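# What the coordinates show
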Amino acid sequence: MSFKSLLMAWASLTLLASPPKGLTRFVNPFIGTGGHGHTYPGPSLPFGMIQPGPDTRLEGWDGCSGYHHDDRRIFGFSHTHLSGTGVSDYGDLLIMPTTGELRFHNGADGKPGYASTFRHELEAAHPGYYRVRLEDWGVSAELTATLRTALHRFKFPKGKPGQVVIDLVHRDEVLASSLRFVNDHEIEGLRRSRAWAQDQHFYFVMRFSKPFKTHGIALQDRVQRGMESAEGKGIKAFAGFGDEGGEVMVKVGISAVSIQGARKNLDAEQPRWDFENLRKSAEAAWEKELSAIQVEGGSADKRTIFYTALYHAFLNPNTFMDVDGQYRGRDLKIHRAEGFTYHSVFSLWDTFRALHPLLTLTHPQRSSDFVRTFLRQFQEGGRLPVWEFAGNETDCMIGYHAVPVIADAVMKGVSGLDEAGLELALEAMRHSAEEDRLGLKAYKEFGYVPADQEGESVSKTLEYAFDDWCIAQVALKLGKSEVAAHYLRRAQSYKQLFDPATGFMRARMEGQWFKPFNPSEVNFNYTEANAWQYSFFAPQDIDGLMRLHGGPEPFAKKLDDLFTAESNIAGTQQADITGMVGQYAQGNEPSHHMAYLYAFAGQPWKTQNMVRHLLDTMYKNDPDGLIGNEDCGQMSAWYVLSALGFYSVTPGSNQYVIGTPLFPKATLHLSSGKRFVIRAPKTSSKSCYIQGATLDQRPYEKAFLDHGAILRGGELRFTMSPSPNKAWAQKGLPRTAILGPLIIPAPFVASGDGSFKGATQVDLGDAEPSAEIHYSLDGRIPGADSPRYEGPISITRETRLQAIALMPGRAPSTILTA
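Parameters at a glance
- Residues numbered from 1 in each chain as written.
- Predicted model: local features only at pLDDT ≥ 70, side-chain atom pairs only at ≥ 80, totals over all residues.
- Heavy atoms only, no water.
- Pairing = 2+ DSSP bridges.
- Helix = DSSP H or I, 4+ residues; strand = E, 2+ residues; numbered from the N terminus.
- Phe/Tyr/Trp six-rings, centres within 6.5 Å; stacked < 30°, edge-to-face > 60°.
- Buried < 20%, exposed > 50% of the residue type's maximum accessible area, 1.4 Å probe, protein only.
- Lys NZ or Arg CZ within 6 Å of the ring centre and 35° of its normal.
- Core = buried A, V, L, I, M, F, W, Y, C linked by side-chain atoms within 4.5 Å.
- Contact = heavy atoms within 4.5 Å.

Attention now goes to the sheet that holds strand E35 (residues 646-647). One open sheet holds the three strands; their spatial order is E35-E36-E41, and the pairing between them is antiparallel. Two strands in the sheet have a free side with no partner beyond their single neighbour: E35 and strand E41 (704-706). Bridge count between strand E36 (residues 655-658) and E41: three bridges; the pairing is antiparallel. Counterpart to Gln655 in the pairing with E41 is Asp706.

Right, dumping it as structure tokens:
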């Protein structure tokens, strides 16, 4: 294409849709589409069920969303996409406008196909809108969406036959599919597929603004004469419109329930052919959502990064029910939601940390819907979701992190549950905690997950412990003190893995520490991380964690060591571990709360400095603008909350830890109609330190903020400076503490060879230094009357060593067996 032709093509595309105004003009959907962000640029409504958009990549880790900014070829436009995940799925119902020779092969192998080259210069994306020019076919393509439907607008050139190719084979494995030409302008069908989700159901109805002049079905890429419908696994089709060129629009309604459901969705949400009004409605929907938080000042890039982060945070979880309330449940059967909106796509290991606390603030009603969705999934699928989408439980990642999302909503008063609902919630939470799967049986027996019984044992122990604390909070709210005490004891399981000699959380097997030990090593004991990146995860009891380190100052020193250590990662090469500051990894979720821990240790100025550094360096207004994959909004939610000046270190509590505000002014427009304003007139990269603060014009001397203070509305004003004020908030530090019933960690073998010749000297230790250790070598269960450990034990033959730790006023520890 000549330069003149390029300009003409760009001008014609520019005239198709005026750029957005208001807050939507600050959203750049291409952020995260490069690097390892795994986002997509296609249009979707907030929490929308459909995500139509371009597919440029068919496989590979950086093809998880179907689009990557490095690519220069589009295969077509599919209608479902995942945002920022680490596993690939979706990409249902690919359609592609082409001209000239009809092709059903996609061209991925270099042979002629329906794929087309494109240029980013002739591509644009805004909230609710996407456009591109398909250079090989001379077709301009535009997309917009409603909650459950898409609208495509294709402009074909004159002189060549134009057609729309429909590919039901695209992307994942097809289990079953069908397609039927209903008449000369409508097609219906279904697609069941298997990838990450083992049985995804997808139904569709397509309507064209012009009647077909030709049409047909292809099986194994061969057109079948006279065939109007087909069932099988290799179905493709086409609708032809002759060579006169001009505009063809395509409406697509989808459903996970039935073809009838897809048709109802299409009739309800697109009764007319009006691309411009639909696009404007989508943009208005986003303007309303983004207006939940208004930031002022700062650079244009910072506002773009912020509002794009907010945009990404409001994409998931997705609405997953038809206009009549029907949805496909976790049992893959059809149910109906009444009084709430059923959702899907719950990346809970990621999103319990920041996304759900953010949505509790900005979307309390939707947070209630999430909780009610969870409880339906418990009733219909047998347990709470772990990583669910499209009615399928993938069991990806660890923990039972629907629990903290429920607890956060309950404790902040937005669950929408009556007393019976709360009882059901507690039952569901306890069910997840009392299963015997994924190391839980050993966790309940030993107080931790032994490394010789389950992989990722350290991470599982630590995250189970936090989830158990969340169960205890809901139990306390319901007045069930015995239940709460049980889970508060389990919530201290992190103590079982703390090695006082190294200051790290380490794997245990047969009573001994896993060795050799290198805290920078990524191995099977940790989930996408190493000992550095998990040794600070006890957000439910940071007071207790600091005591294990010897107090606030040694704990702060350990944080200093984290951020200043060499950034080299040993062991397994993990693509998720990115955005390194020392051994801190902003690109992956286990690190996200760590910069805020300085405030607990009495050094909030270090939190302020590090959070500002992360805000400034880890996010850019660029396709490669996310330092790690988006993970369904978590990476962006961290940015939104941190830019406001606070963060939810402990979901399930009402406390936010104050960091440093990024903008001179930010206003939260709460669902109650009240406003909470955060002012920091002189904030900047250099002036990131808080000199002082006022809340509603009264001095504020706390390094944390209560949820209730935000809900009441008002103004929090910060005085900022290039120099830290180390005296600020020293009498108002954040705190999380389990006060009782306290446990005693099980003893461990500090030294001694499990296999030896002649003799070995065994040293025992305990993370609780004041505990008494008693042991036995004769097979008897040790107790207070057993020998007390006073020093190394000499072992000269095969021996079963058992030990227990005792302290006055506490229950005995679990038993060490080696």
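Time to look at the packing of aromatic side chains. Applying the stated criterion across every chain yields a total of 39 aromatic pairs. Measuring from centroid to centroid gives 3.7 Å for Tyr327 and Tyr342, while their planes differ by 10°, and the two rings are stacked. One end of the pair, Tyr327, is in strand E21 (residues 326-328); the other, Tyr342, is in the loop between strand E22 (334-336) and strand E23 (343-344), and 15 residues separate them in sequence. Just as Tyr327 is buried, Tyr342 falls in that class too. Three or more aromatic residues joined by ring pairs form one cluster here, namely Phe352, Phe466, Trp469, Tyr534 and Phe537. The ring of Trp513 carries Arg508 above its face, with NZ or CZ at 5.6 Å from the centroid.

With 172 residues, the main nonpolar core has Ile293, Phe306, Leu384, Tyr639 and Leu705 as its most contacted residues. Ranked by residues supplied to this core, first place goes to helix H11 (residues 457-477) with 11 residues. Not counting the four nearest positions on each side in its chain, Leu384 is found in contact with Arg330, Phe374, Leu375, Phe378, Glu393, Ala402, Val403, Ile406, Ala428, Met429 and Ser432.

Before going further, it helps to spend a moment on the sheet that holds strand E47 (residues 802-806). Read from one edge to the other, the open sheet built from three strands follows the order E45-E47-E48, with strand pairing classed as antiparallel. Sheet topology places strand E45 (772-776) and strand E48 (816-817) at the edges, where each strand pairs with a single neighbour. As paired elements, E47 and E48 share two bridges and run antiparallel to each other. Each bridged residue has a counterpart across the sheet, and for Ala803 the counterpart in E48 is Leu816.

Next up on the list: the pairing of strand E7 (residues 129-134). Most of E7 sits out of view: six of its six residues are buried. Side chains Tyr129, Arg131 and Arg133 of E7 all project onto a buried face; the interleaved residues Tyr130, Val132 and Leu134 project onto the opposite face, where all are buried too. Of the strand pairs in this sheet, strand E6 (residues 123-126) and E7 are connected by four bridges, and their pairing is antiparallel. The residue bridging Glu123 from the neighbouring strand is Val132, located in E7. Two successive antiparallel strands, E6 and E7, enclose a turn made up of two residues, where Gly128 displays a positive phi of approximately 85°. From the end of E7 to the start of strand E8 (residues 139-145), which pair antiparallel, there are four residues, and Gly138 there has a positive phi angle of about 65°.

Keep in mind these values describe shape, not function.
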